[in-house]
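Residues per chain, in single letters:
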Amino acid sequence: MQKAALKGKTFQATITIPSDNKPKNQKIKHKRKPKKSWSYNAQFLTLKCAPDVLAATCPIGRNIQKEISESMAIIKVIRSPILKNPNAITLYDLCAGNALTSVIAAHLLPIRQAIAVDIKTRVRHYENVDRFIYNQGEDIFKMDTAQIAPGSIIISVHPCSSLAERVIEIYKESKAAA
C-alpha cells in the first residue's frame, strides 16, 4: 500500500512494508519537485486572471482539474510563438467546448484575438473577455478556411473522432499553414 501527498515543494510518501507478516509504516521524504503535469493546476491558480477566466467559463464540468491541466499545457506550447509576435497572432480554438484554453490565452497572452468555435451553444459570460469571440453553433465541417489569417495558430484540445481529422484539414487548407 502506498500513499503520496503533495506537501510544499517536497513529496511525503507513506509506504506500508510487510515484514514477518506484520505491516510496518515507514515515512520517507523525497526532496524532488512534483511532476509538471501536477503543477499546471497550481500554476493556473496563481494567475491574477484565474478568477476572471473561471467567471467567464464556468460551469466547466465534472473534472475541472483535468480541463485546466490540458489548457495550461497548450498555453505552455503556444506561448513562445505568441511572445515572439505580440498582438499579431489570432488564435483559433476549434471544438472549443467551454473555451477554457482560448479564454486563458485571451487573458494571459498578447494575441490579436482568440476565436473559439463549437457546434454547441453554451450560456456563459464570454462577453466579459476582451479580444475574444465565441462562434457558437458553428459546424467546423462548414467552416470557411479562407477566413483564417496567415500566421494564425489553430488549436483543438480534445476533438472527438472525425472532428480531429477535420481540424487537421482546416489547418492544411488555411493560410495558417503558410
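Residues numbered from 1 in each chain as written. Predicted model: local features only at pLDDT ≥ 70, side-chain atom pairs only at ≥ 80, totals over all residues. Heavy atoms only, no water.

S.K.: Honestly, the nonpolar core in this entry has me stumped. Any pointers?
M.R.: The nonpolar side chains of a soluble globular protein tend to be buried with one another. Grouped together as the largest cluster of nonpolar side chains are 32 residues, with contacts concentrated most on Phe 44, Ile 78, Ala 99, Val 103, Ile 111 and Phe 132. Elements represented by at least two residues in this core include exactly α1 (36-46), α2 (50-57), α3 (64-84), α4 (100-108), β5 (113-118), β6 (132-136) and β7 (153-155). Grouped together as the second largest cluster of nonpolar side chains are 12 residues, Leu 94, Cys 95, Val 117 and Val 167 included. (Core = buried A, V, L, I, M, F, W, Y, C linked by side-chain atoms within 4.5 Å. Buried < 20%, exposed > 50% of the residue type's maximum accessible area, 1.4 Å probe, protein only. Helix = DSSP H or I, 4+ residues; strand = E, 2+ residues; numbered from the N terminus.)

S.K.: Help me out: how do you make sense of α2 in this one?
M.R.: Side chains three or four residues apart in an α-helix point the same way, a direct result of the helix having 3.6 residues per turn. Buried within α2 are the following residues: Ala 50, Val 53, Ala 56 and Thr 57. In an axial view of α2, the angular spread of the buried residues amounts to 135°, which keeps them on one side of the axis. (Arc of directions from axis to C-beta.)

S.K.: Explain helix α5 (residues 162-173) here, please?
M.R.: Along its 12 residues, α5 runs 16 Å from first to last C-alpha, staying within 8% of the 16 Å computed at 1.5 Å per residue. Taken residue by residue, α5 has Arg 166, Val 167 and Ile 170 as its buried positions. With its buried residues spanning 105° around the axis, α5 presents them on a single face. Exposed residues on α5 whose side chains face more than 90 degrees from its buried face are Glu 165 and Lys 172. If you follow the buried residues of α5, they end up packed against β4 (90-94) and β7. (Expected span 1.5 Å × (residues − 1). Contact = heavy atoms within 4.5 Å.)

S.K.: Quick question: what am I supposed to make of the confidence of the model for the protein here?
M.R.: Averaged over every residue, the pLDDT of the protein is 83; the share at 70 or more is 78%. Model confidence for the protein, summarised as mean pLDDT per element, is weakest for strand β1 (residues 2-7) at 34 and strongest for α4 at 98. Per-residue pLDDT stays below 50 along residues 1-32; that stretch engages in 50 contacts with residues further than four places along the chain or on separate chains. (pLDDT = per-residue confidence, 0-100.)

S.K.: Would you mind going over the sheet that holds β5 with me for this structure?
M.R.: Remark on secondary structure: sheet strands pair via backbone hydrogen bonds, oriented parallel or antiparallel. Across the sheet, which stays open at both edges, the four strands sit in the order β6-β5-β4-β7 with parallel pairing between neighbours. The strands lining the two open edges of the sheet, one partner per strand, are β6 and β7. Neighbour-to-neighbour, the strand axes of this sheet turn through a mean angle of 15°, independent of strand direction. As paired elements, β4 and β5 share five bridges and run parallel to each other. When the bridges of β5 are listed, Leu 91 appears paired with Ala 114. (Pairing = 2+ DSSP bridges. Axes fitted to C-alpha atoms, helices over the stretch in contact; angles between N-to-C directions.)

S.K.: Can you walk me through the packing of α3 against α4 in this structure?
M.R.: A pair of packed helices can be characterised by two numbers: the angle between their axes and the separation between those axes. For the pair α3 and α4, the least separation of the axes is 9 Å and the interaxial angle reads 50°. Compared by their axis directions, α3 and α4 come out oblique. In this structure, α3 crosses over α4, and the sense of that crossing is right-handed. Between α3 and α4, the residues in contact are Glu 67, Ile 68, Ser 71, Met 72, Ile 74 and Ile 75 and Leu 100, Thr 101, Ile 104, Ala 105 and Leu 108, respectively. (Parallel < 35°, antiparallel > 145°, perpendicular 65-115°, else oblique. Left-handed = near helix turned anticlockwise from the far one by under 90°.)

S.K.: Help me understand the pairing of β4, please; the structure alone is not making it clear to me.
M.R.: Each regular strand carries side chains that alternate between the two faces of the sheet. Taking burial as the measure, the five residues of β4 include five buried ones, the bulk of the element. Side chains Thr 90, Tyr 92 and Leu 94 project from β4 onto one buried face, and the interleaved Leu 91 and Asp 93 project onto a second face that is buried too. Crossover β4 to β5 through α4 is right-handed. Pairing geometry for β4 and β7, over three bridges, is parallel. Within the sheet, the bridge partner assigned to Tyr 92 lies in β7 and is Ile 154. (Right-handed = clockwise from strand over helix to strand, strands pointing away.)

S.K.: Would you mind going over the pattern of salt bridges with me for this structure?
M.R.: Where charged atoms from two side chains of opposite charge approach closely, those side chains can pair. In total, this model carries five salt bridges according to the counting rule given. Residue Lys 66 pairs with Glu 70 through a salt bridge whose shortest N-O separation is 3.2 Å. Taken together, the residues span about one helical turn, with Lys 66 and Glu 70 both in helix α3 at a distance of four residues. For Lys 66, a relative accessible area of 36% puts it in the partly exposed group. (Salt bridge = Lys/Arg side-chain N within 4 Å of Asp/Glu carboxyl O.)

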